[in-house]
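# An overview of the molecular structure
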Amino acid sequence: MVKICCIGAGYVGGPTMAVMALKCPEIEVAVVDISEPRINAWNSDKLPIYEPGLEDVVKQCRGKNLFFSTDVEKHVFESDIVFVSVNTPTKTQGLGAGKAADLTYWESAARMIADVSKSSKIVVEKSTVPVRTAEAIEKILTHNSKGIDFQILSNPEFLAEGTAIKDLYNPDRVLIGGRDNAAGQKAIEALRDVYAHWVPVERIICTNLWSAELSKLAANAFLAQRISSVNAMSALCEATGADVTQVAHAVGTDTRIGPKFLNASVGFGGSCFQKDILNLIYICECNGLPDAANYWKQVIKVNDYQKIRFANRVVSSMFNTVSGKKIAILGFAFKKDTGDTRETPAIDVCNRLVADKAKLSIYDPQVVEEQIKRDLSMARFDWDHPVPLQQFKAEGISEQVSVVSDAYEATKDAHGLCVLTEWDEFKSLDYKTIFDSMQKPAFVFDGRNVIDAVKLREIGFIVYSIGKPLDSWLKDMPSVA
Ligand code: NAI
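Per an unreviewed UniProt entry, the chain goes by the name UDP-glucose 6-dehydrogenase and belongs to Eutrema salsugineum. Heading Pathway (unreviewed entry) of the UniProt record for the chain holds this comment: "Nucleotide-sugar biosynthesis; UDP-alpha-D-glucuronate biosynthesis; UDP-alpha-D-glucuronate from UDP-alpha-D-glucose: step 1/1." In the Catalytic activity (unreviewed entry) part of its UniProt record, the chain is described as follows: "UDP-alpha-D-glucose + 2 NAD(+) + H2O = UDP-alpha-D-glucuronate + 2 NADH + 3 H(+)".

### Digging into the overall build of the chain
Secondary structure assignment for the chain yields 18 helices and 14 strands. A compact globule built from 481 residues would reach a C-alpha radius of gyration of about 23 Å, and the chain, at 24 Å, matches this within 12%. If one aligns the C-alpha atoms of the chain with their principal axes, the spans along those axes are about 75 × 45 × 45 Å. Counting across all 481 residues of the chain, residues that qualify as buried make up 55%. Summarising the internal contacts of the chain: among those between residues at least 6 apart in sequence, 76% fall at separations of at least 24.

### Observations concerning unusual backbone geometry
For the bond running from Lys-440 to Pro-441, omega is -5°, close enough to zero to count as cis. Unusually for a residue other than glycine, Asn-320 sits at a positive phi of about 65°. Considering the arrangement of structural elements, one finds Asn-320 in the loop between α12 (290–317) and β9 (326–330). On the basis of relative accessibility, which here comes to 59%, the residue Asn-320 falls in the exposed class. The phi torsion at Glu-343 lies on the positive side, around 55°, for a residue other than glycine. When you line up the elements, Glu-343 lands in the loop between β9 and α13 (345–355).

### Regarding the nonpolar core
One finds Phe-310, Ile-327 and Phe-461 to be the most contacted residues of the largest nonpolar core, which totals 65 residues. With residues near it in sequence (within four places) discarded, Phe-461 still touches Tyr-431, Ile-434, Phe-435, Met-438, Ala-442, Phe-443, Val-444 and Leu-456. The next biggest cluster of nonpolar side chains, apart from the first, holds 42 residues, and it includes Val-19, Ala-21, Leu-47 and Ile-204.

### Quick notes on the packing of helix α9 (residues 209–240) against α12
Any two packed helices are characterised by the angle at which their axes cross and by the distance between the axes. At a minimum axis separation of 9 Å, α9 and α12 run at an interaxial angle of 45°. Compared by their axis directions, α9 and α12 come out oblique. In this structure, α9 crosses over α12, and the sense of that crossing is left-handed. From α9, Ala-221, Phe-222, Ala-224, Gln-225, Ser-228, Asn-231, Ala-232, Ser-234, Ala-235 and Glu-238 reach across to α12, where they touch Tyr-295, Trp-296, Val-299, Val-302, Asn-303, Tyr-305, Gln-306, Arg-309 and Arg-313. Of the residues that constitute the contact of α9 with α12, the class distribution is ten nonpolar, six polar and three charged.

The rules behind the values
- Residues numbered from 1 in each chain as written.
- Predicted model: local features only at pLDDT ≥ 70, side-chain atom pairs only at ≥ 80, totals over all residues.
- Heavy atoms only, no water.
- UniProt positions renumbered as here; feature names shortened; annotations may be inferred.
- Helix = DSSP H or I, 4+ residues; strand = E, 2+ residues; numbered from the N terminus.
- Rg over C-alpha atoms; globule rule 2.2 N^0.38 Å.
- Buried < 20%, exposed > 50% of the residue type's maximum accessible area, 1.4 Å probe, protein only.
- Contact = heavy atoms within 4.5 Å.
- Core = buried A, V, L, I, M, F, W, Y, C linked by side-chain atoms within 4.5 Å.
- Axes fitted to C-alpha atoms, helices over the stretch in contact; angles between N-to-C directions.
- Parallel < 35°, antiparallel > 145°, perpendicular 65-115°, else oblique.
- Left-handed = near helix turned anticlockwise from the far one by under 90°.
- Nonpolar A, V, L, I, M, F, W, Y, C, P; charged D, E, K, R; others polar.

Next comes the structure, spelled out in structure tokens:
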């Protein structure tokens, strides 16, 4: 029986391995992690991450051919294929701080694999890593190998949170990079055989190691660039009376461009886009390509501009002050159908409003109070480190921020409400009841274009929808980013 072990039971390791176990019943899959609470949660009825369809997959395989364990060394020792899916955050200190990937977790996993292995193994990079990381990993493994053969493959993951199970069942492609020699090709074949259980072979792309590593960074940079492009356009739409949805539709019907990923919003978030672009920028700079680096920097700058622009719009619309005013925040996760808040635009928007002395009442269907308060007190770039290593802002935020359990409580007596995540339930709220319970004039700032602005204006709200023609009230109060 082939045995697979995955180091890192996170948003990628957990769902990816659960689907692999489901589709390959004759393979034993162990997902291991140093975090005991995380593994305990994977073994309980309340999984550590929220992802539609995940619970069902886990329940079908757990205890049969899918196991979650903290006994990292035992499972690595027993495996033929070891996936490494640990976190690779942005470095916060030292050389490359704020840009380069921090490979501490990856390196310690590689050293441990070398230490405990007594048989040949295929080691698979699942984490997103800088191009040529495999070379460094190879060196660590071979210099500590005691004669054991390790083959390194790059197999970056393209799943999107919120649709992870659907993406894993039916991926656009699976990418496998390996060494261009007989042993490397044999390792590629072994991994291709695993995926071929459920992925059509023509969708399994095999490349050299460096192309696979760089393709993942490139794919995320292209995706984020589309969002920043449409967001930059949204600012111009507001200034000119054009409607960003109409513009995006007209642009997206060109088959060379395509319609997906053209929704204007308050900004992109998630653990990957910013981190991977920063990483790409750093690699460009290290390779003496400052112009290429500056091009990608602009994608992040526009994203920051969009978040600040949104928060400024809130303040300027409400007579240039939100001091002491209650503002409801609907949605905190970086997108719908996930509880993940890493790099969510809500953090920057909320911090900006808190700095202007607003009182925030926050509701998100999947994010708990502890997480929201932690996010709002954390220094930038620190979200992906283990909790004990995170540095918190000294001043408390508790008096200005409350977290509540439904949208009606959040909006009661509020001066304004901001939609920051596109949760479906925000489309069907009883906005008449909400309007009646709010201070007047009552403002809605829709950062995701999910609410029916026409209906809300009829009720009496002053509405701001990102990239849409402005209410006359808002025209008189321009926001400057
Ligand atoms: P995560 O933070 O949810 O999970 C990583 C896990 O690795 C943590 O539970 C941590 O305790 C564990 N870990 C760290 N060092 C360890 C060690 N030495 N031994 C055992 N366990 C260890 O991270 P996530 O989101 O799953 O991301 C993992 C990688 O996949 C990152 O490189 C990320 O860029 C990439 N990725 C993430 C996607 C996402 O949507 N979250 C999508 C595609 C790629």
